[in-house]
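Notes for the structure review
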Amino acid sequence: MANASVLFLSHGGGPLPLLDDPGHEEMCATLADIASHLPKPDAILLISAHWEEALPALTSSPHPPLIYDYYGFPEESYAIEYPAEGCPKLARQLQAHLTEAGVEARCDEKRGFDHGLFVPLKIMFPEADVPCVQLSLATSLDPKVHLEMGRALRSFLYEGDNLLIVGSGFSFHNMKAFFDKSDGSTMQRNVEFDDWLQTTMASGDVSEESRERALLEWERAPQARFCHPREEHLLPLHVCYGAAGRAVDEAFSLTILEKKASMFLWKAREEVDAKR
């Protein structure tokens, strides 16, 4: 898709980024900065780490409700509003395209937007004036399946001017380690994996064949299973890479909740080509 930008973002801890939590200051600033330099999208397709289905599913309600899929947070976190509209037409087009490309998918008219969508987008596009479609992960959590989902999206002919594809996950997601203040070993292991991830996604010296193999075999990366005991927060990156098919244009390194984290941006091909 020449008219689509692709962004993998680390979305932080539950609703905390919207509650002025100091551990999310750099994340909020990074997301706001990225949004300020992107062409304003006329639609957003977001793959959330917080939705899994046997068959990949797409929200197709014109007015999806919010799903407050977190627990034990202050009362105000359950009153957050983000009234972005859905886009049933785009959902149906994507469902048909994915299925035709060999990735069987379905539309879900009842599913709402979870916090993997409304937390980062409220920071990036606070006016909630961009219609959104959310795409689930597959419950298999198979990296090959998610690369294929992204690859199928790559050939989608978007009818509008600017589509933004967002993979909303977290480059580090060991919940126990977020609360481990015992020694420096946690940070060292976090850094080892994040350094591998930055090199894998950003290096121009890595062939696309090698980059894809590294993502397929991500469990072999340094400290992979420590950083991702379960891989649902990493797999949105696989969909993003599948959709882009090349090294990132911009890699962001930041700290979230005292852990090193990454975000990756692939600019729309039209924008990249215009600057050459």
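Everything in this summary refers to the structure shown in the same document. Quantities reported herein were computed from a predicted structural model and do not represent experimental measurements.

Examining the packing of aromatic side chains
Scanning the entire structure with this criterion turns up eleven aromatic pairs. Considering the side-chain rings of Y70 and Y78, the 5.3 Å spacing of their centres and the 50 degrees angle between planes classify their relative orientation as tilted. Within the aromatic cluster, the residues linked to one another by ring pairs are Y68, Y70, F73, Y78 and F118. Here R189 stacks its cationic end above the ring of F226, 3.9 Å away from the centre of that ring.

As for the pattern of salt bridges
Applying the stated rule across the entire model yields 16 salt bridges. We note a salt bridge from R106 to E53, for which the minimum N-O separation is 3.2 Å. With R106 in strand β4 (residues 106-108) and E53 in strand β2 (residues 43-53), this pair connects stretches of sequence that are 53 residues apart. The class for E53 is partly exposed, based on a relative accessible area of 22%. The residue E212 makes a salt bridge to R151 at a minimum N-O spacing of 2.9 Å. Here E212, found in helix α7 (residues 208-216), pairs with R151, found in helix α4 (residues 143-154); they are 61 residues apart in sequence, far enough to count as distant. Its relative accessible area of 26% is what places E212 among the partly exposed residues. One salt-bridge network, in which partners are shared between bridges, spans E52, R230 and E232.

Topic: the packing of helix α1 (residues 25-37) against helix α3 (residues 115-124)
Working note: a packed helix pair is described by the angle between its axes plus the distance between those axes. Here α1 crosses α3 at 65 degrees, and the two axes come no closer than 8 Å. Note on packing geometry: the crossing formed by α1 with α3 is right-handed. When α1 is examined against α3, the residues M27, C28, L31, A32, I34 and A35 are found in contact with a partner set consisting of P120, I123 and M124. A per-class count over the contact of α1 with α3 returns nine nonpolar, no polar and no charged.

Notes on the environment of A49
As for its placement among the helices and strands, A49 is situated in strand β2. Expressed as a C-alpha distance, the spacing of A49 and F170, which sit 121 residues apart in the sequence, is 8.4 Å. A49 has contacts with H11, L137, S168, G169, E232, H233 and P236, leaving out every residue within four places of it along the chain.

Comments concerning the side chain of E231
Tracing the chain through its elements places E231 in the loop between α8 (224-227) and α9 (235-244). Sequence-distant contacts of E231, defined by excluding residues within four places in its chain, comprise L141, W218 and R225.

Looking at the nonpolar core
If you look at the biggest cluster of nonpolar residues, it comprises 84 residues, and the most contacted ones within it are M124 and W266. Top element by residues in this core is α9. It accounts for seven residues. Not counting chain neighbours up to four residues away, the residues in contact with M124 comprise L7, L9, L31, I34, A35 and L38.

Re the pairing of strand β6 (residues 163-169)
Looking down a regular strand, the side chains alternate between one sheet face and the other. In terms of burial, β6 is largely enclosed, as seven of its seven residues are buried. Burial along β6 is two-sided: the residues L163, I165, G167 and G169 and L164, V166 and S168 are all buried. Here β2 pairs with β6 via six bridges, running parallel. Within β6, the position partnered with L45 by the bridge is I165.

Description of α1
Over its 13 residues, α1 extends 19 Å from the first C-alpha to the last, a length consistent with the 18 Å expected when each residue adds 1.5 Å. Contacts made by the buried residues of α1 are with β1 (4-10), α3, β7 (250-256) and β8 (259-266).

Quick notes on the rules
- Residues numbered from 1 in each chain as written.
- Predicted model: local features only at pLDDT ≥ 70, side-chain atom pairs only at ≥ 80, totals over all residues.
- Heavy atoms only, no water.
- Phe/Tyr/Trp six-rings, centres within 6.5 Å; stacked < 30°, edge-to-face > 60°.
- Lys NZ or Arg CZ within 6 Å of the ring centre and 35° of its normal.
- Salt bridge = Lys/Arg side-chain N within 4 Å of Asp/Glu carboxyl O.
- Helix = DSSP H or I, 4+ residues; strand = E, 2+ residues; numbered from the N terminus.
- Buried < 20%, exposed > 50% of the residue type's maximum accessible area, 1.4 Å probe, protein only.
- Axes fitted to C-alpha atoms, helices over the stretch in contact; angles between N-to-C directions.
- Left-handed = near helix turned anticlockwise from the far one by under 90°.
- Contact = heavy atoms within 4.5 Å.
- Nonpolar A, V, L, I, M, F, W, Y, C, P; charged D, E, K, R; others polar.
- Core = buried A, V, L, I, M, F, W, Y, C linked by side-chain atoms within 4.5 Å.
- Pairing = 2+ DSSP bridges.
- Expected span 1.5 Å × (residues − 1).

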